[in-house]
Structure formats: C-alpha cells, structure tokens
Amino acid sequence: MSPRSSPRTIDAPPLREILVAGHRIMVPKAAPGLHLAATPIGNLGDITLRALETLAGSDVICCEDTRVTHKLLDRYGITVPLSPYHEHNAVAARPKILARLAQGDAVTLVSDAGTPLVSDPGFKLVREATAAGFAVHALPGPSSVLAALTVAALPTDRFYFEGFLPAKDGARRNRIAELARIDVTLVLFESGARLAASLRDLAEILGRRDIAICREMTKLHEDIRRMPLAEAAARADELETRGEFVLVIGPPSADASRMSETELDDLLRAQLARGSVKDAVAAAVELSGHPRREVYARALALAQEGKNEGKDE
C-alpha cells in the first residue's frame, strides 16, 4: 500500500493533569462551550473533582482577579491561561470570549469565591452565549448563601436572597421596609464597615425576628452568632467587623407579626385622624396582622366613638 493510500491517523486530544493529595491525575480536554464553575469561598479543599477536571481541561479560565484564581490553580497543579473578566472590563471582554466559543474552545468562568453570577458578573455573558447557540454548563459547588442557611438554625423551606443592602442610610432603610413585607427567611451580604448600622436598621424595621450572623464562612476564623435581632442591634458595637458577613434573618413568628388589640386600636385611631375608615383599614390590615373583617369592625367602632365624643363636647 502506498503512503498516499495509508489510513489517516487522527490524534486524540491531549490529556491535562491535576494534582490531588499528592497524586497526578490525567484528565481529558473539556467539552466546547461555556462552563460556570463554583470555587471555594474560603477552604481550598472545598473544590469539586468535576470542577478541577474542567478547569484543567479548559482552553482559558475567565476570572475576576487572576491573583486569587492563581492560588487555587497552583494548589492543584493546573496551568491553564487566565483572562480577567469583571465588571470594569466586561463590555470589552465579552466579544473576545464569544469569539473563542465560536472557534470551539472550552471557556470556564469563575468568581473569586463561590458560585459565578451570584452577586458577581456573568449574567450578560451567559445570556449572549446562549443567544448565540453555545452550550453553557453549570458546575455546582460552594456557595456562601447555602452554607449560611444550613448552619443558621432558621427555617430553610422558603428564603429570599437580597445580596448587599444599599450603602446610604435612607436607601437602606427604604429597602428594609420593602423586605419587611416578605414573610420568609432573608439572606443578605454585608461588609464589616456597615454591619452595625445595618443591624440597627434591620431590628427597628423588621421587629421581633431571629438572626444568624455568619462571618468568614469555611475559613480559619469562621464565626456563627445566633440571637434575636434586637439583641444583635444592641450588641452591634461589640461584634468583630473584620471579614465577610452573611446575615440570615428568620421570618416573623405568628405572635410577632400580629399586633395586640391595644396596638391595633392606637394604629386605627392615628389613621382615622388623618383619613377615612377605608384608608385606615387598608393601612391597619397591612401592618397589624389581623384579618380585614376584624379590623374593619374595630375601625367602625372607633369612628363611632369619635363622633359620640364630639357630640358630648
């Protein structure tokens, strides 16, 4: 058989390697597409094997801070090129990433810590990648939101993730007032510098609830404090403020969300002094936790009392 008619040999994709517990493990090249890999939020041992295989098998890893991601890659012997992708360069970086996806590359997106897109850039990249028809793969793993929920000792069947509250006092208080209407466990991020002010505003506006203050999750100095929200506000100046915080706030109990009859009467009298029975009932139903029929009957009685008092005078 002449050289021209010899069967053509197709080279297999080169294998990469990762270093796990002192052992070198060969891994194949990752599949083409965009891979969203969760990375440790503190303890580098929390990375999953699937994430390591994908990171090592990628053509490029897009990350917020190359210095932070280098520490993870060095730990596991991964030598894949890094490319910055963060809120300041995202507009310019996205077309380049999409171009690499178009040529069949495997691109992995990571955040500095935790799951990409959760309070991190990435949403627009995923939207444009899917719109262009590229495969997008989720590699689940560490999340400070879920880690805090599991240790908070508060209801987890329904929860609302808020992220960071506004930095300015007025905007923060307005947002907390909106959150007060959500009758589920709340999960928030907060910085140490704003922790005390936020705790005081949360206690004043949300009322009687329980809170778990989770600091430095999975790290050497992890600290979980569980207490009533009012106590947390009172002790705010005593709390350690170094590190990163996740606040988990339980929903109001039935007793906490329902006003006493005396409180309801005081609220209705104040509302009736400013407006009609209809408006007073609408406001009181929302704030008191009492049924509308009960509030309406009480409002009519108080309105009549006010008329009688006026006649007597």
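By convention here, each chain's residues receive numbers from 1 onward along its written sequence. Since the coordinates come from a predicted model, pLDDT governs what is reported: local features require at least 70, and pairs of side-chain atoms require 80 or more to be given and counted, while whole-chain, interface and lining totals use all residues. As a convention, hydrogens and water are excluded, and side-chain values are obtained from all of the structure's heavy atoms.

Asks: Talk me through the overall build of the protein; I want residue IDs and the actual numbers.
Replies: Only DSSP runs of H or I covering at least 4 residues are called helices, and only runs of E covering at least 2 are called strands; the numbering of each starts at the N terminus. The helix and strand inventory of the protein stands at twelve helices and twelve strands. Atoms counted for the radius of gyration: C-alpha only. Globule rule: 2.2 Å times the number of residues to the power 0.38. Here the C-alpha radius of gyration of the protein, 28 Å, is well above what a compact globule of 313 residues would show, namely 20 Å. Looking at the 313 residues of the protein, the share that counts as buried comes to 38%. Any pair of residues with heavy atoms lying within 4.5 Å of one another is described as a contacting pair. Counting contacts in the protein only where the partners sit at least 6 residues apart, residues at least 24 apart contribute 70% of the total. For the protein, the exposed surface amounts to about 17,700 Å²; the carbon and sulfur share of it is 53%. Charged residues are defined narrowly, with Lys and Arg counted positive, Asp and Glu counted negative, and His plus the chain ends left uncounted. Every charge is mapped to an atom, namely NZ of Lys, CZ of Arg, CG of Asp or CD of Glu. Of the charged side chains in the protein, 39 are positive and 42 negative, and the gap between their average positions amounts to 6 Å. A 1.4 Å probe rolled over the protein chains alone gives each residue an accessible area, and that area as a share of the maximum for its type sets the label: buried under 20%, exposed over 50%, partly exposed in between. Residue-level accessible areas treat just the shown protein chains as cover; the underlying method is Shrake-Rupley with a 1.4 Å probe.

Asks: Quick one: what's the story with the packing of aromatic side chains, residue by residue and with numbers?
Replies: Note on aromatic contacts: the rings of Phe and Tyr and the six-membered ring of Trp form a pair at centre separations within 6.5 Å, being stacked when their planes are under 30 degrees apart, edge-to-face when over 60 apart, and tilted otherwise. What the rule picks out here adds up to two aromatic pairs. With a centroid separation of 5.1 Å and an interplanar angle of 70 degrees, the aromatic rings of Phe161 and Phe189 are classed as edge-to-face. Separated by 28 residues along the polypeptide, Phe161 in strand E8 (residues 159–164) and Phe189 in strand E9 (residues 185–191) bring together distant segments of the chain. Residue classification places Phe161 among the partly exposed positions, given a relative accessible area of 26%. Relative accessible area serves as the criterion here: at 10%, Phe189 is assigned to the buried category.

Asks: Give a description of the nonpolar core that names residues and reports values.
Replies: Put simply, a nonpolar core is a bunch of buried Ala, Val, Leu, Ile, Met, Phe, Trp, Tyr and Cys residues held in one set by side-chain atoms that sit within 4.5 Å of each other. Counting residues in hydrophobic clusters, the biggest one holds 22 residues, and the most contacted among them are Leu199, Leu202, Ile211, Ile213, Leu247 and Ile249. Within the residue set of this core, elements represented by two or more residues are helix H6 (169–179), E9, helix H7 (195–206), strand E10 (210–215), helix H8 (229–234) and strand E12 (244–249). The biggest single contributor to this core is H7, with six residues. Once residues lying within four places of it in the same chain are set aside, the contact partners of Leu247 are Leu186, Val187, Leu188, Glu190, Leu195, Leu199, Leu202, Ile211, Ala212 and Ile213. Counting 18 residues, the second-largest nonpolar core is a separate cluster that includes Val27, Leu55, Val110 and Leu139.

Asks: So what about the sheet that holds strand E7 (residues 136–139)? Which residues, and what values?
Replies: Strand order in the open sheet made by the five strands is E5-E4-E6-E3-E7, with parallel pairing throughout. Pairing within the sheet leaves two strands with one partner each, and these edge strands are strand E5 (82–84) and E7. Neighbouring strand axes in the sheet, compared pairwise and without regard to direction, differ in orientation by 25 degrees on average. When strand E4 (residues 60–63) meets E5, the two strands line up parallel, connected through three bridges. Pairing of Ile61 across the sheet is with Leu82, part of E5. Between the N-to-C directions of two axes lies an angle of 0 to 180 degrees, each axis being a line fitted to C-alpha atoms and, for a helix, fitted only over the stretch in contact. Sheet contacts for helix H2 (residues 66–75): E4 and E5; angle to E5, the most-contacted strand, approximately 155 degrees. One requirement defines pairing of two strands: DSSP has to find at least two bridges between them.

Asks: Quick one: what's the story with the sheet that holds E10, residue by residue and with numbers?
Replies: One open sheet accounts for five strands, arranged E8-E9-E12-E10-E11; its pairing is mixed. Pairing within the sheet leaves two strands with one partner each, and these edge strands are E8 and strand E11 (223–228). This sheet shows a mean twist of 15 degrees between the axes of neighbouring strands, independent of strand direction. When E8 meets E9, the two strands line up parallel, connected through five bridges. Note on E9: the bridge partner recorded for Phe159 is Thr185. Its contacts with the sheet place helix H5 (residues 144–151) against E8, E9, E10, E11 and E12, and it is angled at close to 120 degrees to E9.

Asks: Go over the confidence of the model for the protein with me, naming the residues and quoting the values.
Replies: In regions of low pLDDT, the predicted coordinates are not meant to be interpreted in detail. pLDDT runs from 0 to 100 and stands for how confident the predictor is about each residue. In the predicted model, the protein carries a mean pLDDT of 90, and the fraction of residues at 70 or more is 92%. Across residues 1–9, confidence stays below pLDDT 50; counting only partners more than four residues off in sequence or on other chains, it has two contacts.

Asks: Mind laying out helix H4 (residues 123–131), listing which residues take part and the relevant values?
Replies: Taken together, the buried positions of H4 are occupied by Leu125, Val126 and Ala129. Looking straight down H4, one finds that the buried residues subtend no more than 95 degrees of arc, so they occupy a single side. Of the exposed residues in H4, those oriented more than 90 degrees away from the buried face are Phe123 and Ala131. Where H4 is buried, its residues meet strand E3 (33–37), helix H3 (90–102), strand E6 (106–109) and E7. Gly133 lies just past H4 and shows a positive phi near 90 degrees. Think of it as the arc spanned by the lines of direction from the helix axis to the C-beta atoms.

Asks: Describe in detail the pairing of E6, supporting the description with residues and values.
Replies: Residues of E6 alternate between two faces, with Ala106 and Thr108 on one and Val107 and Leu109 on the opposite face, all of them buried. Strand direction decides the pairing type here: E3 and E6, joined by four bridges, are parallel. Following the sheet pairing, Gly33 is matched in E6 by Ala106. As paired strands, E4 and E6 are joined by three bridges and run parallel to one another. In the strand pairing of E6, Val60 is matched with Val107.

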